[in-house]
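What follows is each chain in one-letter form.
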4 protein chains.
Amino acid sequence: MSKYHHIKQTAYEANMQLPKLGLVLFTFGNVSAADREKGVFAIKPSGVPYKDLTPEKMVIVDFDGNIIEGELRPSSDTLTHAVLYKHWDGINGIVHTHSTYATSWAQSQRCIPIFGTTHADHLTTDIPCAPPMNDELIEGNYEYQTGFQILNHFAELGLDHKEVEMVLVGNHAPFTWGKTADKAVYNSAVLESVAQMAYLTEQINAQAPRLKDTLINKHYQRKHGPDSYYGQ
Amino acid sequence: MSKYHHIKQTAYEANMQLPKLGLVLFTFGNVSAADREKGVFAIKPSGVPYKDLTPEKMVIVDFDGNIIEGELRPSSDTLTHAVLYKHWDGINGIVHTHSTYATSWAQSQRCIPIFGTTHADHLTTDIPCAPPMNDELIEGNYEYQTGFQILNHFAELGLDHKEVEMVLVGNHAPFTWGKTADKAVYNSAVLESVAQMAYLTEQINAQAPRLKDTLINKHYQRKHGPDSYYGQ
Amino acid sequence: MSKYHHIKQTAYEANMQLPKLGLVLFTFGNVSAADREKGVFAIKPSGVPYKDLTPEKMVIVDFDGNIIEGELRPSSDTLTHAVLYKHWDGINGIVHTHSTYATSWAQSQRCIPIFGTTHADHLTTDIPCAPPMNDELIEGNYEYQTGFQILNHFAELGLDHKEVEMVLVGNHAPFTWGKTADKAVYNSAVLESVAQMAYLTEQINAQAPRLKDTLINKHYQRKHGPDSYYGQ
Amino acid sequence: MSKYHHIKQTAYEANMQLPKLGLVLFTFGNVSAADREKGVFAIKPSGVPYKDLTPEKMVIVDFDGNIIEGELRPSSDTLTHAVLYKHWDGINGIVHTHSTYATSWAQSQRCIPIFGTTHADHLTTDIPCAPPMNDELIEGNYEYQTGFQILNHFAELGLDHKEVEMVLVGNHAPFTWGKTADKAVYNSAVLESVAQMAYLTEQINAQAPRLKDTLINKHYQRKHGPDSYYGQ
């Protein structure tokens with residue numbers, strides 16, 4: 001058995017959650033799971049239908065994007081995953097989907113305003129939307145640069161990747177991450193739900209105000225603060 | 001067997017209806033069931049996935065919010081349930097969800113206009129939306145104050161909680177209640193459907209008129225009046 | 001066995017199609033099936049959940065609304081069905097639902113414009129929306145008058161109930177009918193789909209033109225004209 | 001066994017994908033599969049419910065629309081398929097649906113703007129919308145002319161049917177095609193998803209810009225160019 005079996009199994013199971021959660025059509029998504037001690041991650045092979053996936057088919061890649069183990073070509077978004085793992089500590093899972101509502105916000109090139117407590121239960125800011133890259137970067141190493149586009153946008157906004165675990169890439173689609181691959185998948189589903197409700201909120205009331213700071217802090221703290229009282 | 005087994009069982013079954021009715025993502029919802037003679041209610045433990053729930057895991061809490069029985073932490077919204085049970089007679093079940101359309105109206109901080117007979121079959125007024133609390137209350141005992149925010153809004157509008165069994169909490173999400181936990185769940189599903197149709201109605205006709213009083217009364221009376229002729 | 005068993009069975013099976021087609025929440029709908037020789041129809045009992053329905057529970061009613069056989073109270077909309085059967089020849093099934101998109105158009109008090117061939121495959125006019133009744137009629141025999149409201153609106157518009165097998169009742173919801181109960185159910189599903197697409201069409205292009213007459217006629221004739229070539 | 005069994009089987013399996021992918025209501029769709037050596041295609045019989053389909057029921061038609069084998073009447077859209085097969089080389093499958101979002105764009109008589117990379121992964125232009133035919137053509141051999149309407153619109157726009165494998169027919173609905181019937185079905189599902197996201201994108205941001213050329217080219221090339229690196 002591969003010495004990477006544990007992350008292959010984790011990545012496999014997390015990938016299989018995407019169609020169950022309604023977050024992907026065909027193969028339009030991928031999940032990776034990292035082993036930081038070994039400095040590698042397991043990622044979905046490119047273009048393989050979910051029904052044909054097995055843990056063994058996951059591809060092992062290091063944080064510079066080199067293939068370490070596996071017979072299939074890894075996801076075309078592999079370099080974006082690699083850049084995020086390399087530069088951001090503490091994340092062990094990354095998800096990319098083209099889920100309907102989050103992708104529509106990304107295509108709109110707007111960040112998602114924080115309108116309610118469902119959003120505030122998970123993060124205290126608008127969900128950021130990184131602008132499309134300049135032409136030089138697009139024509140260069142595109143997926144690699146997509147990773148830096150995300151890193152740079154977080155740096156510009158002063159966001160902490162451990163507090164804001166999701167981003168829209170303008171004109172493209174969302175990425176989410178987390179301490180585990182499962183948490184990253186969870187974040188993708190939360191993002192899609194928050195994206196749908198923000199869309200509806202603006203349709204119902206074009207002047208809907210953003211959530212006020214006290215409510216943002218209250219909801220975030222009760223789930224994530226030192227005195228959190230959500231969950232077991 | 002716990003002397004509270006009957007309400008644990010009731011609360012368990014009612015909670016399990018929420019994902020089947022499409023009203024919750026992950027653990028974003030909770031149902032409680034009260035025993036008024038014993039002065040307690042059974043409520044979902046906080047953050048436990050629906051697939052892992054059992055009747056035994058329900059937590060027993062009194063109407064002041066004290067935990068009476070149970071090894072898990074109760075829902076973070078427990079104090080809101082407690083306040084409603086304590087101050088409103090005749091209700092034996094309460095539901096909280098973040099269902100998509102109802103939550104979007106709550107985020108919009110608008111009450112849901114009564115546009116049709118589907119709405120009038122269940123209540124004769126717009127579905128009220130309690131305003132967000134002031135900052136002092138939010139930073140205080142938040143969930144406890146959420147209960148009073150609902151009570152006060154009903155008092156201001158002169159609404160009877162036995163006739164209007166649902167409310168939106170501004171920026172947050174809906175609560176519903178009823179004579180039984182099953183009825184409260186039913187009300188949550190009705191609210192979500194009415195919320196979706198009110199949204200669509202305004203999209204189709206921005207000048208859509210509210211239902212006229214004679215139709216409101218007719219539909220409500222045929223289901224709920226002394227000469228009602230709906231159901232068996 | 002009841003001498004009305006055949007229509008009870010037909011009505012039962014047609015009613016059971018409604019939840020499968022996503023046209024009803026809980027018990028918000030009903031189907032009837034008529035035997036014109038015997039002058040009666042079988043209709044769903046009021047407020048009985050679909051999972052508890054059996055053919056034997058269907059109620060037999062004559063065209064004046066008198067209960068002929070059955071131990072349960074018939075649907076609260078029974079008199080509307082009776083009026084339509086009595087005054088319109090050739091229809092042997094009627095369906096009432098509160099399906100999401102059709103009901104939203106009804107609440108908007110707008111007829112559904114004929115925007116495309118999906119619509120024209122089934123009827124050559126806008127889908128009519130009968131206005132709400134005046135207060136006197138509402139406070140009188142409401143469901144009976146709803147039937148006449150539909151009849152009168154068809155008469156005013158010069159519509160033939162054999163060519164236009166569906167109507168919206170303003171502020172309320174749709175009714176559909178047909179030669180058989182199955183055809184009436186089919187029409188309810190078609191109406192819901194056409195209603196959703198007409199809503200989206202106006203959202204995408206507020207100036208979307210109605211279908212031109214040559215296309216309307218072509219599509220209707222190929223399915224329903226003397227030289228129709230759709231189906232077997 | 002019929003010497004056309006292979007395409008009957010292919011067409012059958014592809015047709016059965018349509019309801020699974022949520023692209024059709026009742027019988028509102030059809031798929032054909034061609035054998036170019038034999039100069040024929042297998043197509044769904046008209047108006048037969050999906051649950052009653054079998055490979056044997058598929059009808060064999062040549063590229064001029066003559067029925068070669070089969071006891072049932074072929075789809076009413078058969079001549080449109082025939083024209084496309086006859087005039088466009090390299091396509092071996094065609095799909096027609098009335099899927100909700102794509103049909104709503106067709107009814108709106110607008111082409112679908114290229115707003116994001118989901119779209120660019122599949123084609124580099126807006127999804128074209130052929131205008132409705134003039135009255136003479138509609139009243140003539142309608143389905144035959146629909147084929148030419150598509151061919152002419154592609155010629156006017158200078159589009160290559162091997163690069164743009166989908167079209168909206170104004171006021172009507174979409175057609176898609178591909179090297180195989182499976183690919184044509186895949187294209188119908190992609191079109192529906194892209195159509196939904198383009199609709200949402202305009203709702204969220206009425207000024208949403210089209211994707212810039214560098215991004216269009218990058219995404220298309222990584223899936224379809226000589227150095228493509230998507231898939232295995």
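All of these numbers come straight from a predicted model, not from anything done at the bench. (Residues numbered from 1 in each chain as written. Chains lettered and ligands numbered in written order. Predicted model: local features only at pLDDT ≥ 70, side-chain atom pairs only at ≥ 80, totals over all residues. Heavy atoms only, no water.)

Caption draft 1: The overall build of chain A, seen in detail. Of the regular secondary structure elements, chain A holds 8 helices and 8 strands. Summarising its shape, the C-alpha atoms of chain A cover approximately 55 × 45 × 30 Å along the three principal directions. The proportion of buried residues among the 232 residues of chain A is 61%. Taking the contacts inside chain A whose residues are at least 6 apart along the sequence as the reference set, 63% of them involve residues at least 24 apart. Counting 19 positive and 26 negative side-chain charges, chain A places the centres of these two groups 6 Å from one another. (Helix = DSSP H or I, 4+ residues; strand = E, 2+ residues; numbered from the N terminus. Buried < 20%, exposed > 50% of the residue type's maximum accessible area, 1.4 Å probe, protein only. Contact = heavy atoms within 4.5 Å. Lys, Arg positive; Asp, Glu negative; His and termini not counted. Charge placed at Lys NZ, Arg CZ, Asp CG, Glu CD.)

Caption draft 2: View of the packing of aromatic side chains. Applying the stated criterion across every chain, the model contains 44 aromatic pairs over all chains. Joined through ring pairs, the aromatic side chains of F26(A), F28(A) and Y186(D) make up one cluster. K44(B) extends its terminal NZ or CZ atom over the ring of Y50(B), reaching a point 5.0 Å from the ring centre. (Phe/Tyr/Trp six-rings, centres within 6.5 Å; stacked < 30°, edge-to-face > 60°. Lys NZ or Arg CZ within 6 Å of the ring centre and 35° of its normal.)

Caption draft 3: Representation of the relation of the copies chain D and chain C in the model. Aligned on chain C, chain D shows an RMSD of 0.0 Å; the corresponding rotation is 90 degrees and the shift along the axis is 0.0 Å. The superposition operator between the copies reduces to a four-fold rotation axis. Taking C-alpha positions as reference, the residue of chain D nearest the rotation axis is Q203(D), located at 5.8 Å. A share of only 5% of interface residues in chain D that are also interface residues in chain C marks the association as one of differing surfaces. (Least-squares fit on C-alpha atoms with pLDDT ≥ 70 in both.)

Caption draft 4: Spotlight on the interface of chain D and chain C. Listed by partner, the interface residues are 37 residues for chain D and 35 residues for chain C. The interface formed by chain D and chain C contains 3 salt bridges. Where D77(D) meets R222(C), a salt bridge forms, and the shortest distance between an N and an O atom there is 3.4 Å. For the pair chain D and chain C, the interface holds 24 residue pairs in polar contact (both at pLDDT 80 or more). Among the secondary structure elements, those contributing two or more residues to the side of chain D that touches chain C are helix 3 (100-108), helix 5 (135-139), helix 6 (142-157) and helix 7 (181-204) of chain D. For the side of chain D that touches chain C, the per-class residue count stands at 13 nonpolar, 17 polar and 7 charged. (Salt bridge = Lys/Arg side-chain N within 4 Å of Asp/Glu carboxyl O. Polar contact = N/O pair within 3.5 Å; in protein donor to acceptor, adjacent residues only side chain to side chain. Nonpolar A, V, L, I, M, F, W, Y, C, P; charged D, E, K, R; others polar.)

Caption draft 5: Spatial organisation of the sheet that holds strand 7 (residues 166-169) of chain A. Residue and element names in this part refer to chain A. Within the open sheet, the 8 strands sit side by side as 4-3-2-1-5-8-7-6. Their pairing is mixed. Two strands close off the open sheet at either side, each with one partner strand: strand 4 (67-69) and strand 6 (129-130). Relative to strand 3 (residues 59-62), strand 2 (residues 40-43) runs antiparallel, the two sharing 4 bridges. Bridged to A42 within strand 3 is I60. Set on the sheet, helix 3 (residues 100-108) makes contact with strand 5 (93-97), strand 6, strand 7 and strand 8 (174-178); between it and strand 7 the angle comes to about 55 degrees. (Pairing = 2+ DSSP bridges. Axes fitted to C-alpha atoms, helices over the stretch in contact; angles between N-to-C directions.)

Caption draft 6: Seen up close, the environment of I94(A). Residues and elements named next belong to chain A. Looking at the secondary structure, you find I94 in strand 5. Residue I94 is classed as buried on the basis of its relative accessible area, which comes to 0%. Beyond its immediate chain neighbours, meaning those up to four positions away, I94 contacts N30, V31, S32, H81, L84, Y85, F175, T176, W177 and A184.

Caption draft 7: Focus on the pairing of strand 1 (residues 29-35) of chain C. Residue and element names in this part refer to chain C. Most of strand 1 sits out of view: 7 of its 7 residues are buried. Burial along strand 1 is two-sided: the residues G29, V31, A33 and D35 and N30, S32 and A34 are all buried. As defined by bridge partners, strand 1 adjoins strand 5 (residues 93-97) across 5 bridges and the pair is classed as antiparallel. Each residue of the ladder has a partner; that of V31, found in strand 5, is V95. Pairing geometry for strand 1 and strand 2 (residues 40-43), over 4 bridges, is antiparallel.

Caption draft 8: Looking closely at the interface of chain A and chain B. Counting residues at the interface gives 35 residues for chain A, matched by 37 residues for chain B. Here chain A and chain B share an interface that buries about 3000 Å² over both sides, 54% of which is from carbon and sulfur atoms. Across the chain A-chain B interface, the total number found is 3 salt bridges. In this structure, the salt-bridge partner of E143(B) is R222(A), at a minimum N-O distance of 2.4 Å. If you look at where chain A meets chain B, you find 23 residue pairs in polar contact (both at pLDDT 80 or more). Put simply, the parts of the chain that give the side of chain A that touches chain B at least two residues each are helix 4 (117-120), helix 7 (181-204) and helix 8 (213-224) of chain A. For the side of chain A that touches chain B, the leading source of residues is helix 7 of chain A, giving 12 residues. Among the residues forming the side of chain A that touches chain B, the class breakdown is 16 nonpolar, 14 polar and 5 charged. (Buried area = accessible area lost by both parts, 1.4 Å probe.)

Caption draft 9: Main features of the sheet that holds strand 3 (residues 59-62) of chain D. Residue and element names in this part refer to chain D. Pairing is mixed in the open sheet, where 8 strands are placed in the order 4-3-2-1-5-8-7-6. Taken across any chain shown, the strands that pair with only one partner, and hence form the sheet edges, are strand 4 (67-69) and strand 6 (129-130). Bridge count between strand 5 (residues 93-97) and strand 8 (residues 174-178): 4 bridges; the pairing is antiparallel. Bridge pairing links G93 to G178 in strand 8.

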